[in-house]
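# Secondary and tertiary structure notes
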Protein chains: 2
Amino acid sequence: MNWKVIIKMGFQESFKALSDPTRRQIIELLKKQKMTAGEIVEQFQMTGASISHHLSIMKNAGLVTDDKQGKYIYYELNLSVLEEILAWLASLKEEK
Amino acid sequence: MNWKVIIKMGFQESFKALSDPTRRQIIELLKKQKMTAGEIVEQFQMTGASISHHLSIMKNAGLVTDDKQGKYIYYELNLSVLEEILAWLASLKEEK
DNA sequence: TAGACATTTAGATAAATATCTAAATGTATT
DNA sequence: AATACATTTAGATATTTATCTAAATGTCTA
């Protein structure tokens, strides 16, 4: 069996996770395909440790999931968390 | 004439502005009606100076406009800035 | 099993941020 | 004109955050 438990912290964590430009760029990358930590690192001029830190924040916010495959860890976008934020933003326009 | 020039900084500023819980609460308040700085302050346990700081960040992000009327400054929500963010979030789901 | 490789964790540091108090600015009232 | 009121600005401080280097962990391969 291949369980994937997404620990979602909350609204606040999601917004915080989205408020950093590096993390939003990572999201854009993962939009196209899942990638290993190393592949993601290649796209930035930043150490692996820093990217790892960003990935962990995104993971805690429920924005990505990780999938360990031997030496590699694949990161994948989890869009469902965005629904909540999308709904909040939309509600600002709708209701008067 | 009553010009209202909205100085919009950018995507980054908008996200940053939304990432703070106090500022999101202010947005929720202003969703219902425009309010003076003082009325907003009453809703929080925080000094006027701090709220003023938050309001200035929101103003720079284009999220609110201010309207000086004598002693008072009315703050009003400007929803159009949210469109951009809404669109970005939506695009993550749409395009594969 | 020793070394190479992928990634994270620990610890340090600089910059950004939220908050406060006190002072400044501008407007209204008496 | 003097004072009161509404709000912002300035300056200080504590916390958070992004980043780095170095070390630790875990996995593969020769």
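Residues numbered from 1 in each chain as written. Chains lettered and ligands numbered in written order. Predicted model: local features only at pLDDT ≥ 70, side-chain atom pairs only at ≥ 80, totals over all residues. Heavy atoms only, no water.

## As for the relation of the copies chain B and chain A
The condition that has to hold: The atoms used to superpose the copies are C-alpha atoms, taken from residues with pLDDT of at least 70 in both, and the fit is least squares. Residue contacts are counted whenever heavy atoms from the two residues lie within 4.5 Å of one another.
Of the two same-sequence chains, chain B is brought onto chain A (RMSD 0.0 Å, axial shift 0.0 Å) by a rotation of 180 degrees. Within this description, the copies of the chain are treated as partners about a two-fold rotation axis. Interface overlap between copies: 100% of the residues of chain B at the interface are likewise at the interface in chain A, consistent with a symmetric, same-surface contact.

## So, helix 2 (residues 21-32) of chain B
Side chains of residues three or four places apart in an α-helix project in the same direction, reflecting 3.6 residues per turn. Residue and element names in this part refer to chain B. The criterion, for reference: Think of it this way: any DSSP run of H or I at least four residues long counts as a helix, any run of E at least two long counts as a strand, and we number them from the N terminus. Given a helix with a known number of residues, its expected span is that number minus one, times 1.5 Å. The rule is simple: take the accessible area with a 1.4 Å probe, protein chains only, and divide by the maximum for that residue type; under 20% is buried, over 50% is exposed, in between is partly exposed. In protein, a polar contact means a hydrogen-donor-capable atom and an acceptor-capable atom, both N or O and within 3.5 Å, with residues adjacent in sequence counting only if both atoms are side-chain atoms; elsewhere, any N or O pair within 3.5 Å suffices.
An ideal rise of 1.5 Å per residue puts 16 Å on 12 residues; helix 2 measures up with 18 Å between its terminal C-alpha atoms. Among all positions of helix 2, only Thr22, Arg23, Arg24, Ile26, Ile27, Leu29, Leu30 and Lys31 are buried. With a side-chain oxygen positioned 2.9 Å from the backbone nitrogen of Thr22, the residue opening helix 2 is Asp20.

## Points about the side chain of Asn78(B)
Residues and elements named next belong to chain B. With respect to the helices, strands and loops of the structure, Asn78 is situated in the loop between strand 3 (72-77) and helix 5 (80-94). Judged by its relative accessible area of 13%, Asn78 is buried. Polar contacts involving the side chain of Asn78 include one to the side chain of Ser80, which spans 3.3 Å. Not counting chain neighbours up to four residues away, the residues in contact with Asn78 comprise Ile6, Gly62, Leu63, Val64 and Thr65.

## Some points on the protein's contact with DNA strand C
The criterion, for reference: It suffices for a single heavy atom of a residue to lie within 4 Å of a molecule or strand for the residue to be listed as near it. Residues are grouped as follows: nonpolar covers Ala, Val, Leu, Ile, Met, Phe, Trp, Tyr, Cys and Pro; charged covers Asp, Glu, Lys and Arg; every other residue, Gly included, is treated as polar.
Surrounding DNA strand C, one finds 22 residues, the nearest of these being Gly38(A), Tyr75(A), Ser50(B), His54(B) and Gly70(B). When the atoms of DNA strand C within 4 Å of the protein are sorted by group, sugar and phosphate make up 79%. In this structure, Ala37(A) approaches DNA strand C through a main-chain N or O atom, which is 3.3 Å from a phosphate oxygen. Within the backbone of Thr47(B), one N or O atom sits 3.0 Å away from a phosphate oxygen of DNA strand C. The greatest single-element share of the surface near DNA strand C, amounting to 5 residues, is contributed by helix 4 (residues 48-60) of chain B. Tallied by class, the residues present in the surface near DNA strand C amount to 8 nonpolar, 9 polar and 5 charged.

## Brief notes about the pattern of salt bridges
Here is the rule we go by: The salt bridge definition used is simple: a Lys or Arg side-chain nitrogen within 4 Å of an Asp or Glu carboxyl oxygen.
Enumeration over the complete set of coordinates arrives at 7 salt bridges over all chains. Put simply, Glu76(A) and Lys34(A) hold a salt bridge, and the shortest N to O gap is 3.8 Å. Here Glu76(A) is found in strand 3 (residues 72-77), whereas its partner Lys34(A) is found in the loop between helix 2 (21-32) and strand 1 (35-36), with 42 residues between them in sequence. Note on Glu76(A): relative accessible area 32%, which makes it partly exposed. Given a relative accessible area of 37%, Lys34(A) falls into the partly exposed group. Note that Glu83(B) and Lys93(A) form a salt bridge whose closest N and O atoms lie 3.3 Å from each other.

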